[in-house]
Amino acid sequence: MQIIAGADVEVIERNDLFSWGDESTFAILSIDGEPFGNMFSTRDGNLAFFIVFSGIYTDDREIAGELLLPALNQLHTYGP
């Protein structure tokens with residue numbers, strides 16, 4: 001359970017919906033049992049990626065991939 005702006009946010013891990021890289025977590029965020037967003041974090045080698053969607057959410061594997069893969073497939077092109 002996490003607290004955001006005074007609300008108890010439940011983080012429901014759903015790694016069965018999407019995974020990528022060496023280590024990742026995909027989750028549905030909910031308040032009082034009502035889903036309101038998703039969270040995804042991953043590590044690929046020495047690169048890390050973290051994103052939160054709020055106001056929309058998905059529990060569909062195909063949609064999760066469509067949302068995340070374009071950015072993840074470009075992650076290796078990042079350079080400081």
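Data block above holds the structure.
This structure is a prediction, so every number in the text was calculated from the model and none was measured.

Quick look at helix H1 (residues 61-72)
Part 1: Helix length check: H1 (12 residues) gives 15 Å between terminal C-alpha atoms against 16 Å at 1.5 Å per residue, within 8%.
Part 2: Of all the positions in H1, only Ala64, Gly65, Leu68 and Leu72 are classed as buried. Buried residues of H1, viewed axially, fall in a sector of 100 degrees; they line one side. Within H1, the exposed residues directed more than 90 degrees away from the buried face are Glu62 and Glu66.
Part 3: On its buried face, H1 is in contact with strand E3 (23-31), strand E4 (34-44) and strand E5 (47-54).
Part 4: Where H1 begins, one side-chain oxygen reaches toward the backbone nitrogen of glutamate 62, 2.9 Å away; that side chain belongs to aspartate 60.

A closer look at the side chain of serine 24
Part 1: By the element assignment, serine 24 lies in strand E3.
Part 2: Classification of serine 24 by relative accessible area gives buried; the value is 18%.

Thoughts on the packing of aromatic side chains
Part 1: Scanning the model with the defined rule gives two aromatic pairs in all.
Part 2: An angle of 75 degrees between the planes, with centres 5.2 Å apart, marks the rings of phenylalanine 18 and phenylalanine 40 as edge-to-face. Taken together, the residues phenylalanine 18 in the loop between strand E2 (7-13) and E3 and phenylalanine 40 in strand E4 connect sequence positions 22 residues apart. Each member of the pair, phenylalanine 18 together with phenylalanine 40, is buried.
Part 3: Pairing phenylalanine 26 with phenylalanine 40 gives two aromatic rings, centres 6.3 Å apart and planes at 50 degrees, and the pair type is tilted. Residue phenylalanine 26 is located in strand E3, and its partner phenylalanine 40 is located in strand E4; the two are separated by 14 residues in the primary sequence. The pair phenylalanine 26 / phenylalanine 40 is uniform in exposure class, with both members buried.
Part 4: Of the aromatic side chains, those joined through ring pairs into one cluster are Phe18, Phe26 and Phe40.

A few points about the pattern of salt bridges
Part 1: All told, the structure shown has three salt bridges when counted by the stated rule.
Part 2: A salt bridge links arginine 14 to aspartate 16, with the nearest nitrogen and oxygen atoms 2.8 Å apart.
Part 3: Since its relative accessible area comes to 26%, arginine 14 is described here as partly exposed.
Part 4: Residues glutamate 23 and arginine 43 are paired through a salt bridge, measuring 3.6 Å at the closest nitrogen-oxygen approach. You can see glutamate 23 sitting in strand E3 and its partner arginine 43 sitting in strand E4, a full 20 residues away along the chain.
Part 5: Accessibility expressed as a relative area gives 51% for glutamate 23, which makes it exposed.
Part 6: According to the relative accessible area criterion, arginine 43 is partly exposed, its value standing at 34%.

Rules used in this analysis
Residues numbered from 1 in each chain as written. Predicted model: local features only at pLDDT ≥ 70, side-chain atom pairs only at ≥ 80, totals over all residues. Heavy atoms only, no water. Helix = DSSP H or I, 4+ residues; strand = E, 2+ residues; numbered from the N terminus. Expected span 1.5 Å × (residues − 1). Buried < 20%, exposed > 50% of the residue type's maximum accessible area, 1.4 Å probe, protein only. Arc of directions from axis to C-beta. Contact = heavy atoms within 4.5 Å. Polar contact = N/O pair within 3.5 Å; in protein donor to acceptor, adjacent residues only side chain to side chain. Phe/Tyr/Trp six-rings, centres within 6.5 Å; stacked < 30°, edge-to-face > 60°. Salt bridge = Lys/Arg side-chain N within 4 Å of Asp/Glu carboxyl O.

Purely spatial values, then, with no claim about function.
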